[in-house]
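Each chain, written out:
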Amino acid sequence: MSELPTTHDTGAWSLPRRGEPVLSVRDLHVEFRTRRGTLQAVRGVSWDVEPGETLAILGESGSGKSVSAQAVMGLIDSPPGHITSGSIHFRGRDLLGAPEVEQRRVRAEGVSIIFQDALTALNPVFTVGWQIAELFRVHRGLGRREAYQRAGDLLDRVGIPSARQRLHEYPHQFSGGMRQRAMIAMALALEPDVLIADEPTTALDVTVQAQIMDLLTDLQRDLGMGLVLITHDLAVVADVADRVAVMYAGRVVETGRVREVFTDPAHPYTLGLMRSIPPLERRTASLDPIRGTPPNPGALPVGCAFAPRCAFARDRCREEDPALEVVEAGRASACHFSEEVRRDG
Amino acid sequence: MADPSGAGPLLSVRGLTKHFPLTRGVVFQRTIGHVRAVDGIDFDLDPGETLGLVGESGCGKSTAARLLLRLIEPTSGEVRYRGEDLTGMSPRELRQMRRNVQIIFQDPYASLDPRMTVGSIIAEGWEIHPEVMPRGRRKEEVGNLLERVGLERAHADRFPHQFSGGQRQRIGIARALALRPEVLILDEPVSALDVSVQAQVINLLEELQAEYGFAAVFIAHDLSVVRHISDRVAVMYLGKIVEIGDSEAIYERPTHPYTQALLSAVPSADPTVERTTRIRLEGDVPSPASPPSGCSFRTRCWKADERCAAEEPELVDRGGHGHPSACHYAEPADVLGVRRLGS
């Protein structure tokens, strides 16, 4: 299907062209059924990522920003979690409809995920080297010696000093930044087409965060993979992402190229976020925050979920939930008054 | 001696040091070393001003906050409140001091007693300091405080778990303000909050400071928030202040390589620009249990040489840059300069 060079055997999956998504989520609904009621965690979320592209999913706590990625990775515990509708396509094939064994292969070799907390993602009773070598032995059929060799190369590639010696250390012997590097090495061992990074630098100090973001963008360029970056940090999005999907109360409320979305927001929530952060480059007189607090996902308001906090809201917003509609090529906003927001912003 | 005139700094910190012992063994504990959490810091806090204290985890900024109130005992050094040394205070004097110096913690979930109503949490300080508020006016005043921090009078009868993180932080602020303190120590007060709520709390703190006139030590790792709120900024690294000065000077003309690297590491929230300077430090912060000889930053510093390994640089203004910096080779640099990206 494509002339793009690939770094590994692609098996049965067709290789997408640049400009065609490698992973796409369509109209996904996920709910959590608890004794206290049903929480609509994700209410019709769609996004996709192309090879070599970085998509940021931006949202605050409770927005559902991690839920669609968890659905991709099969990490939603059921019960209480249920994917009630929607589809996930990897290289054009429906993942949710595929047999279990195929889903597992995609999740092992096609899409990787890294988390905020590397210590819980690494197994404390095995050495870091063993955990990486294991991947090469199971999935690539390498012998012990060669697997360790490759693991050492990989630790070196992610910037771990004296990588060969550190293969034999346990996760707790690594610092926070080094653990994050080790987790990235594990995630990239099988050269996935898509890497999902869920708040990868939130627990790290700013100087280490900068190192890790540089590493991720370097590796992405080298490997040509799609990167889905889930974060609450607008500056990280501005710095590394190509496109952004802004989430609020389980929905994507605005999406488009980062530069356009951040300089000319078409949804009042995006505009409010931009006005809530003080810039580093100059001193500001006062901030103009969004009023109120995010809604409880168990008791969403009728109409637009953002209406109770919105300065643009009218009666229509409290009756009719706006759909995510195209506002210009490559950009969409879920607001009845997006034109007004753009004029004011 | 106490300074009744009110002239001079409210808080004066000199050589403040806290070394935590590292022990081994369960029954026969022996000390095998010390973590130098705070390693000799000096600064003053003037009435009404806000001093930002920034640094990465493990730099000692939260330990410093606790030392300022003597919530933990310093290893050495002194903290003077209106001229009087906290370390020599009797329990009674200490109580009086703490009426005037209040603290707000990062975690609004852990710092409020879950079994007390919000009203009794806010009024609790008046039990210890009854002179601040006559008994008959307390209920009324709790309501006023709740309204002042953006909550409702009726919330006084509820419990902390019935509130969101941002609301709990407002309760913590009301509790601290109930005693009309002269100094507020804020230890990462907005770090646990979502961006939209964080901005509300920052605005509230600024309004309250204008109204009540307290001085503040604002501890945070978010350099944008610190710039927004602080008059002066102190940058900490491995238990020491490496640079201190007016906010403007620290952000526009930082002279210590660590300050420069720290600022350079923060991405800009404007996607149309790119920083012209890019400093990337290698490695992690060394362990405060075995800091490097000489300058503690030298293991990650691109300017380091033999002198830095041998001789610890003092926090002084070497080249007439206008503010002190603990670097032998202090030199101002504009690290926040940007260039506009083409489309």
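These numbers come from a predicted model, not from an experiment. Position numbers for residues count from 1 along each chain, tracking the sequence in the order it is written. To label them, take the chains in the order written and letter them from A, then take the ligands in the order written and number them from 1. For a predicted model such as this one, the threshold for reporting local features is a pLDDT of at least 70, and the threshold for listing and counting side-chain atom pairs is 80 or more; totals across whole chains, interfaces and linings nevertheless cover every residue.

**Examining the overall build of chain A**
To keep things clear, this is the line we draw: Where helices and strands are cited, they refer to DSSP runs of H or I of at least four residues and of E of at least two residues respectively, numbered from the N terminus. Radius of gyration here is computed from C-alpha atoms only, and the compact-globule reference equals 2.2 Å multiplied by the residue count raised to the power 0.38. Around each residue's C-beta, the other C-beta atoms within 10 Å are counted; 20 or more make the residue buried, 12 or fewer make it exposed, and counts in between make it partly exposed. All C-beta atoms are placed from the backbone.
A tally of regular secondary structure across chain A gives 12 helices and 12 strands. The C-alpha atoms of chain A give a radius of gyration of 21 Å, which matches the 20 Å a tight globule of 345 residues would have. Over its C-alpha atoms, taken along the principal directions, chain A stretches across nearly 70 × 50 × 50 Å. Out of the 345 residues in chain A, the part that is buried amounts to 49%.

**Side note on the nonpolar core**
What counts is decided by this rule: Each nonpolar core consists of buried Ala, Val, Leu, Ile, Met, Phe, Trp, Tyr and Cys residues. Their C-beta atoms, within 7 Å, join them into a set. We call two residues in contact when the distance between their C-beta atoms, placed using the backbone, is within 7 Å.
Core analysis: the biggest nonpolar cluster contains 198 residues, and Ala182, Ala185 and Val228 of chain A together with Val217, Phe218 and Val235 of chain B have the highest contact counts within it. The element that contributes the greatest number of residues to this core is helix 7 (residues 176–188) of chain A, accounting for 8 residues. When neighbours within four sequence positions are excluded, alanine 185 of chain A is seen to be in contact with Ile132, Leu154, Leu155 and Val158 of chain A.

**As for the sheet that holds strand 2 (residues 30–45) of chain B**
Residue and element names in this part refer to chain B. The condition is simple: Any two strands with at least two DSSP-identified bridges between them are counted as paired. Each axis is a line fitted through C-alpha atoms, and for a helix only the stretch in contact is used; angles between axes span 0 to 180 degrees, taken between their N-to-C directions.
In spatial order, the strands read 2-1-4-5; together these 4 strands make up an open sheet with antiparallel pairing. At either margin of the open sheet sits one strand with a lone partner, and together these are strand 2 and strand 5 (84–85). Note: strand 1 (residues 11–24) against strand 4 (residues 76–81), 5 bridges, orientation antiparallel. Directly across from valine 13, in strand 4, lies its bridge partner valine 79. Across the face of the sheet, helix 1 (residues 61–68) comes into contact with strand 1, strand 2 and strand 4 while running at roughly 70° to strand 2.

**A short note on the interface of chain B and chain A**
Let me state the cut-off plainly: Polar here means any residue outside two lists: the nonpolar Ala, Val, Leu, Ile, Met, Phe, Trp, Tyr, Cys and Pro, and the charged Asp, Glu, Lys and Arg; Gly therefore counts as polar.
At the junction of the two partners, chain B supplies 35 residues and chain A supplies 37 residues. At the level of secondary structure, the elements contributing two or more residues to the side of chain B that touches chain A comprise helix 6 (195–212), helix 7 (223–229) and helix 9 (257–265) of chain B. The element that contributes the greatest number of residues to the side of chain B that touches chain A is helix 6 of chain B, accounting for 9 residues. Looking at the side of chain B that touches chain A, its residues break down into 16 nonpolar, 12 polar and 7 charged.

**Regarding helix 5 (residues 144–157) of chain A**
All names here are of chain A. Worth spelling out the cut-off: Here, expected helix span is obtained from the residue count minus one, scaled by 1.5 Å. Arc definition: it is the arc formed by the directions from the helix axis to the C-beta atoms.
Taking 1.5 Å of rise per residue, 14 residues should cover 20 Å, and helix 5 covers 20 Å from first to last C-alpha, within 8% of that figure. Residues Ala147, Tyr148, Ala151, Leu154 and Leu155 constitute the buried set of helix 5. Here the buried residues of helix 5 occupy an arc of 120° about the axis, which is enough to place them on one side. Just downstream of helix 5, glycine 159 is the residue with a positive phi angle, here 85°.

**What to know about the environment of methionine 247 of chain A**
Residue and element names in this part refer to chain A. Its place among the elements puts methionine 247 in strand 9 (residues 243–248). Classification of methionine 247 as buried rests on a count of 27 C-beta atoms within 10 Å. Through-space distance from the C-alpha of methionine 247 to that of threonine 34 is 23 Å; in sequence the pair is 213 residues apart. When sequence neighbours within four positions are dropped, the list of residues in contact with methionine 247 reads Ile57, Leu58, Gly59, Ser63, Gly64, Lys65, Val252 and Val253.

**Things to note about the sheet that holds strand 3 (residues 54–58) of chain A**
All names here are of chain A. An order of 6-7-8-3-9-10-12-11 is seen for the 8 strands of this open sheet, with the pairing classed as mixed. What marks the edges here is a single partner per strand, and that holds for strand 6 (111–114) and strand 11 (325–328). Pairwise comparison of adjacent strand axes, ignoring direction, gives a mean angle of 25° for this sheet.

**Looking at the packing of helix 5 (residues 165–177) of chain B against helix 6 of chain B**
When two helices pack together, their arrangement is given by the angle between their axes and by how far apart the axes lie. All names here are of chain B. The criterion, for reference: With respect to orientation, any angle under 35 degrees is reported as roughly parallel, any angle over 145 as roughly antiparallel, any angle of 65 to 115 as roughly perpendicular, and every other angle as oblique. Crossing chirality is assigned from the near helix's rotation relative to the far helix, an anticlockwise turn below a right angle marking it left-handed and a clockwise turn marking it right-handed.
At their nearest, the axes of helix 5 and helix 6 sit 10 Å apart, and the two run at 15° to each other. As the angle between them shows, helix 5 and helix 6 are arranged roughly parallel. Helix-helix and strand crossings are classified by hand; for helix 5 and helix 6 the assignment is right-handed. Contacts between helix 5 and helix 6 involve Gly166, Gln169, Arg170, Ile173 and Leu177 from the former and Val197, Gln200, Val201, Leu204, Leu208 and Tyr212 from the latter. Of the residues assigned to the contact of helix 5 with helix 6, the class counts are 7 nonpolar, 3 polar and 1 charged.

**Considering the environment of arginine 105 of chain A**
All names here are of chain A. For arginine 105, the location among the structural elements is in helix 2 (residues 100–110). Taking the C-beta count within 10 Å as the criterion, arginine 105 has 16 such neighbours and is therefore assigned partly exposed. Taking the C-alpha atoms as reference points, arginine 105 and histidine 267, separated by 162 residues in sequence, lie 38 Å from one another.

**Focus on the environment of glutamate 31 of chain A**
Residues and elements named next belong to chain A. In this structure, glutamate 31 sits in strand 1 (residues 23–34). We classify glutamate 31 as partly exposed; it has 19 C-beta atoms within 10 Å. In this view, glutamate 31 contacts Thr38, Leu39, Gln40, Ala41, His82 and Thr84; residues no more than four positions away in its chain are not counted.

Remember, this is a structural readout, not a statement about activity or role.
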